[in-house]
Amino acid sequence: MQNTASPGIFTLQFWLLGTSSFLFSSSFNMLIPELPSYLSAMGGAEYKGFIIGLFTLTAGISRPFSGRLTDRVGRVPVMAFGSLVCFICGFLYPVFTTVMPFLLLRLVHGFSTGFKPTGTAAYIADIIPAHRRGEAMGIHGMCMGVGSAFGPAIGSMISQSFSINALFYTSSLFALMSIVILFNMKETLVEKERLSVKAFQITWRDIFEPDVFSPAFVTFLAYFGFGAVATLSPDFSEHLGLANRGIYFMVFTLFSILIRFVAGKLSDRKGRIPVTIAGCSILIISMIITGYADSVFLFVTGAAFFGISMGILSPVLSAWTVDLSNDHNRGRAIASMYISLEAGIGIGAFLSAAIFANKIENLPLVFMIMAAFAAAALIYTIVLYRYKRRASRVI
């Protein structure tokens, strides 16, 4: 059980959480545009799909543990551990300078997003009234989004102006600042347990919460495209002559930020499923435009549509998940949604890299397949919406 929330959402705790999430998001996202070329320089060009794939694999595996610990030990310790992983990994990248150790470190780095977002979403649900949950998720997503937007652009600038090692150390600095803020936040879980071996003993029930199957399934299908974009947009950028490989990420996230607040608030009024349908539709369009981009203008346009789609889906799917959870299984429910998210990103990364095979002419095929997964999410959501409408009329 957690503390009761105040009627407002613009509290000090909320903004501290948002600032911490901005720093955390910046920390690991600033590395993404530079890692493919960094790995290629080591002689591991064929392992590009592993950069995102391994990261999300560990994140997904750790979700049941982070969900269980969030519900038992507390929200703040789980968030702090996630940021701590980023802090440590930033110092280890300059040490692990061959392919296999580098890939191992990417595997470890994934624990960061396996823990921090789970505790964060549960914390938001604790302090925000249910009728403003979508709005709050949207605003918090804007904080994450700013980090996702400027992190890659800043990362490329630091790497090009100074060195790749300077980028790694900057990533650690941002993670450290995120941790400092978290230790000044009030824990919202009242009935806490001490950290023990028992807290890590997960069951099948801890791995997936059946109550949130629908938003988790849509999340899984929708985030295949994210895995493809994170893996291939740096190569796509180079092909089109964009020196700063973080431009696609910056445009995508800026548009994501602009739409998040509106999308979350609209879902509070109109419902999660109708807004999810809109997000999936725009996601399909973004994949098609990106796949067939033969100019910087079309490439950036694809990034804008992709940002709008993710800006809609991210807060709405999170709010939908929390709606279907209760006080005692909130961490597990959120972890289940994130497991689906990481699985979608990871499989999308591996699949897109395999199909791409370092051949530019394969890019349209990659993104058409990603569009097909988004279409599957759209069809499922439409069928679910019609079923619920018919059921409500019968009742």
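Residues numbered from 1 in each chain as written. Predicted model: local features only at pLDDT ≥ 70, side-chain atom pairs only at ≥ 80, totals over all residues. Heavy atoms only, no water.

A closer look at the layout of surface pockets
Once rolled over the atoms, a probe with the size of a water molecule shows which space is left empty.
Here is step 1 of the chain: When its volume is computed, the second largest pocket comes out at roughly 150 Å³.
Here is step 2 of the chain: In terms of lining residues, the second largest pocket is bounded by Leu69, Val73, Pro77, Val78, Phe81, Phe115, Leu195 and Phe200.
Here is step 3 of the chain: Take the lining of the second largest pocket: its biggest share by element is 3 residues, from helix α4 (residues 75-92). (1 Å grid on protein atoms, 1.4 Å probe; cavity = no way out; pocket = protein on both sides within 12 Å on 5 of 7 lines; lining within 4 Å. Points joined across faces, edges and corners; volume = space filled by probe spheres on them. Helix = DSSP H or I, 4+ residues; strand = E, 2+ residues; numbered from the N terminus.)

Here's the deal with unusual backbone geometry
Here is step 1 of the chain: Phi angles above zero are rare outside glycine, and Ala357 is one such case at about 50 degrees.
Here is step 2 of the chain: Here Ala357 shows up in the loop between α15 (330-356) and α16 (363-394).
Here is step 3 of the chain: What makes Ala357 partly exposed here is its relative accessible area of 40%. (Buried < 20%, exposed > 50% of the residue type's maximum accessible area, 1.4 Å probe, protein only.)

Observations regarding the confidence of the model for the protein
Here is step 1 of the chain: Chain-level pLDDT for the protein is 86 on average; 96% of the residues reach the 70-or-more range.
Here is step 2 of the chain: Taken together, the stretch residues 1-7 has pLDDT below 50 and engages in 26 contacts with residues farther than four places along the chain or on a different chain. (pLDDT = per-residue confidence, 0-100. Contact = heavy atoms within 4.5 Å.)

Looking at empty space enclosed by the protein
Here is step 1 of the chain: Summed over the entire model, instances satisfying the criterion amount to 1 cavity of 30 Å³ or more.
Here is step 2 of the chain: Of the volumes computed, that of the largest cavity is approximately 800 Å³.
Here is step 3 of the chain: Taken together, 43 residues make up the lining of the largest cavity; nearest its centre are Phe28, Met144, Ser314, Tyr338 and Leu341.
Here is step 4 of the chain: Looking at the lining of the largest cavity residue by residue, the class counts come to 22 nonpolar, 16 polar and 5 charged. (Nonpolar A, V, L, I, M, F, W, Y, C, P; charged D, E, K, R; others polar.)

Notes on the environment of Met250
Here is step 1 of the chain: Mapping Met250 onto the fold places it in helix α12 (residues 247-270).
Here is step 2 of the chain: Counting along the chain gives 221 residues from Met250 to Asn29, while the straight-line C-alpha distance between them is 11 Å.

Here's the deal with the side chain of Arg63
Here is step 1 of the chain: With respect to the helices and strands, Arg63 occurs in helix α3 (residues 48-72).
Here is step 2 of the chain: Residue classification places Arg63 among the buried residues on the basis of a relative accessible area of 1%.

Examining the nonpolar core
Here is step 1 of the chain: Core analysis: the largest hydrophobic core is formed by 87 residues, its most contacted members being Phe102, Leu283, Met287, Phe306 and Phe367.
Here is step 2 of the chain: The greatest single-element share of this core, amounting to 10 residues, is contributed by helix α14 (residues 296-323).
Here is step 3 of the chain: Beyond its immediate sequence surroundings of up to four residues, Leu283 is in contact with Ala222, Phe306, Ser309, Met310, Leu313 and Ala374.
Here is step 4 of the chain: One finds Phe24, Phe55, Cys86 and Ala175 within the second-largest nonpolar core, a separate group that totals 5 residues. (Core = buried A, V, L, I, M, F, W, Y, C linked by side-chain atoms within 4.5 Å.)

Some details on the packing of aromatic side chains
Here is step 1 of the chain: For the coordinates displayed, the defined rule picks out 24 aromatic pairs.
Here is step 2 of the chain: Relative to Phe168, the ring of Tyr38 lies with its centre 5.4 Å away and its plane at 70 degrees, an arrangement referred to as edge-to-face. Taken together, the residues span a long stretch of sequence, with Tyr38 in helix α2 (residues 35-42) and Phe168 in helix α8 (residues 164-182) at a distance of 130 residues.
Here is step 3 of the chain: Seen in terms of ring centroids, Tyr47 and Phe50 are 5.6 Å apart; in terms of plane orientation they differ by 80 degrees. Their pairing is edge-to-face. (Phe/Tyr/Trp six-rings, centres within 6.5 Å; stacked < 30°, edge-to-face > 60°.)

Structural notes on the pattern of salt bridges
Here is step 1 of the chain: Applying the stated criterion to the full structure yields 5 salt bridges.
Here is step 2 of the chain: In this structure, Glu342 engages Arg63 in a salt bridge whose closest nitrogen and oxygen atoms are separated by 2.5 Å. Taken together, the residues span a long stretch of sequence, with Glu342 in helix α15 and Arg63 in helix α3 at a distance of 279 residues.
Here is step 3 of the chain: When the shortest N-O distance is used, the salt bridge between Asp323 and Arg272 registers 2.6 Å. With a gap of 51 residues between them, Asp323 in helix α14 and Arg272 in helix α13 (residues 272-291) connect regions that are remote in the sequence.
Here is step 4 of the chain: Residue classification places Arg272 among the buried positions, given a relative accessible area of 10%.
Here is step 5 of the chain: The network of salt bridges with common partners includes Asp71, Arg75 and Asp126. (Salt bridge = Lys/Arg side-chain N within 4 Å of Asp/Glu carboxyl O.)

Here's the deal with the packing of helix α11 (residues 224-239) against α12
Here is step 1 of the chain: Axis separation between α11 and α12 bottoms out at 10 Å; the angle between their running directions is 145 degrees. Residues Phe226, Val229, Ala230 and Ser233 of α11 form the contact with α12, whose own contacting residues are Tyr248, Phe249 and Phe252.
Here is step 2 of the chain: Taken together, the residues that form the contact of α11 with α12 break down as 6 nonpolar, 1 polar and no charged. (Axes fitted to C-alpha atoms, helices over the stretch in contact; angles between N-to-C directions.)

Things to note about α3
Here is step 1 of the chain: Helix length check: α3, at 25 residues, gives a terminal C-alpha distance of 37 Å against a target of 36 Å (1.5 Å per residue), a fit within 8%.
Here is step 2 of the chain: By the largest-angle criterion, Arg63 marks the main kink of α3, which is about 40 degrees, and a proline, Pro64, follows within four residues.
Here is step 3 of the chain: A large share of α3 lies buried, amounting to 20 of its 25 residues.
Here is step 4 of the chain: Of the residues one or two after α3, Gly74 is the one with positive phi, at around 140 degrees. (Expected span 1.5 Å × (residues − 1). Bend = angle between axes of the 7 residues up to and from the residue.)

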